[in-house]
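Chain by chain, the residues:
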Amino acid sequence: ALEGVGDAAGARDGVEEARALFAGAGEGHRGELAATLHNLGWLEGRHGDPARSKELLEQSLAIKREVNTLVHPSTFNTLQLLGASAARAGDHEAAAARLTELLAAQRQLLGEPSVRVAQTLNELASARQDAGDFAAAEGHYREALAQRQALAPDGSVDEAIELNNLASLLEDAGRLEQAEALSRR
């Protein structure tokens, strides 16, 4: 709540207090502890120390995997945040690894086509593009586009975003005629 009004230090203090309470509350509250570690990791990543953020998010993920022995949606946000954080830090391989793990879990639990799967494909493509792996990025963007088209066959803003991202990749790869053709679509 404090985060929304701009008091990051107050938000961090409140989440730290919650973490201490859940950590002392015993095994029955491990899920709440994992959620609190996730929130604290998010705050640290946004307003503090990226290395501390990663440490907290990894702790959250480990607990979530203990508590939820099967693929579970509670792990999705933590995997996504770890991937996005790695990408922002320029560690494109770590980003791709986390996003690939997330994608497999989403496909298993959500099936396809899925908005969440398409979003993750887009993030994975972006990480690959930033790493200079244009072939892998293109495959992921095209797969994300196909998912968007299956979800909204008459076109959507999300489809337009995927087309724009694919055009940007093709431009980066020096395939200007293809990029221009996509931009006109």
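Placed above this text is the structure.
Figured I'd write up the structure that's included with this text. Quick caveat: nothing in here was measured; it's all calculated off a predicted structure. (Residues numbered from 1 in each chain as written. Predicted model: local features only at pLDDT ≥ 70, side-chain atom pairs only at ≥ 80, totals over all residues. Heavy atoms only, no water.)

### Some remarks on the side chain of Glu 162
Tracing the sequence through the fold places Glu 162 in helix α8 (residues 157-172). For Glu 162, a relative accessible area of 1% puts it in the buried group. Of note is the side chain of Glu 162, whose polar atom sits 3.4 Å from the side chain of Arg 148. Apart from residues no more than four positions distant in its own chain, Glu 162 is found in contact with Ala 118, Asn 122, Tyr 141, Ala 144, Leu 145 and Arg 148. (Helix = DSSP H or I, 4+ residues; strand = E, 2+ residues; numbered from the N terminus. Buried < 20%, exposed > 50% of the residue type's maximum accessible area, 1.4 Å probe, protein only. Polar contact = N/O pair within 3.5 Å; in protein donor to acceptor, adjacent residues only side chain to side chain. Contact = heavy atoms within 4.5 Å.)

### Structural notes on the nonpolar core
Core analysis: the biggest nonpolar cluster contains 18 residues, and Leu 99, Leu 102, Leu 103, Leu 121 and Leu 124 have the highest contact counts within it. Taken together, the elements giving at least two residues each to this core come down to α3 (50-67), α4 (73-88), α5 (92-110) and α6 (115-130). Not counting the four nearest positions on each side in its chain, Leu 102 is found in contact with Phe 76, Leu 79, Gln 80 and Thr 120. Formed by eleven residues, the second largest nonpolar core is a distinct cluster that contains Tyr 141, Leu 166, Leu 169 and Leu 182. (Core = buried A, V, L, I, M, F, W, Y, C linked by side-chain atoms within 4.5 Å.)

### Some details on unusual backbone geometry
Following Glu 112, the chain continues into Pro 113 via a peptide bond in cis, with omega recorded as 0 degrees. Mapped onto the fold, Pro 113 is located in the loop between α5 and α6.

### Some remarks on the pattern of salt bridges
As enumerated under the stated definition, the model contains 17 salt bridges in all. The salt bridge involving Glu 55 is made with Arg 52; its shortest N-O contact spans 3.2 Å. Of this pair, Glu 55 and Arg 52 are both found in helix α3, three residues apart, which corresponds to roughly one turn of the helix. Judged by its relative accessible area of 41%, Glu 55 is partly exposed. Under the relative-accessibility criterion, Arg 52 is labelled partly exposed at 22%. In this structure, the salt-bridge partner of Glu 58 is Arg 98, at a minimum N-O distance of 2.7 Å. Of the two residues, Glu 58 sits in helix α3 while Arg 98 sits in helix α5, which places them 40 residues apart along the sequence. The class for Arg 98 is buried, based on a relative accessible area of 17%. Shared partners join several salt bridges into a network, and the residues in it are Glu 16, Arg 19, Arg 52 and Glu 55. (Salt bridge = Lys/Arg side-chain N within 4 Å of Asp/Glu carboxyl O.)

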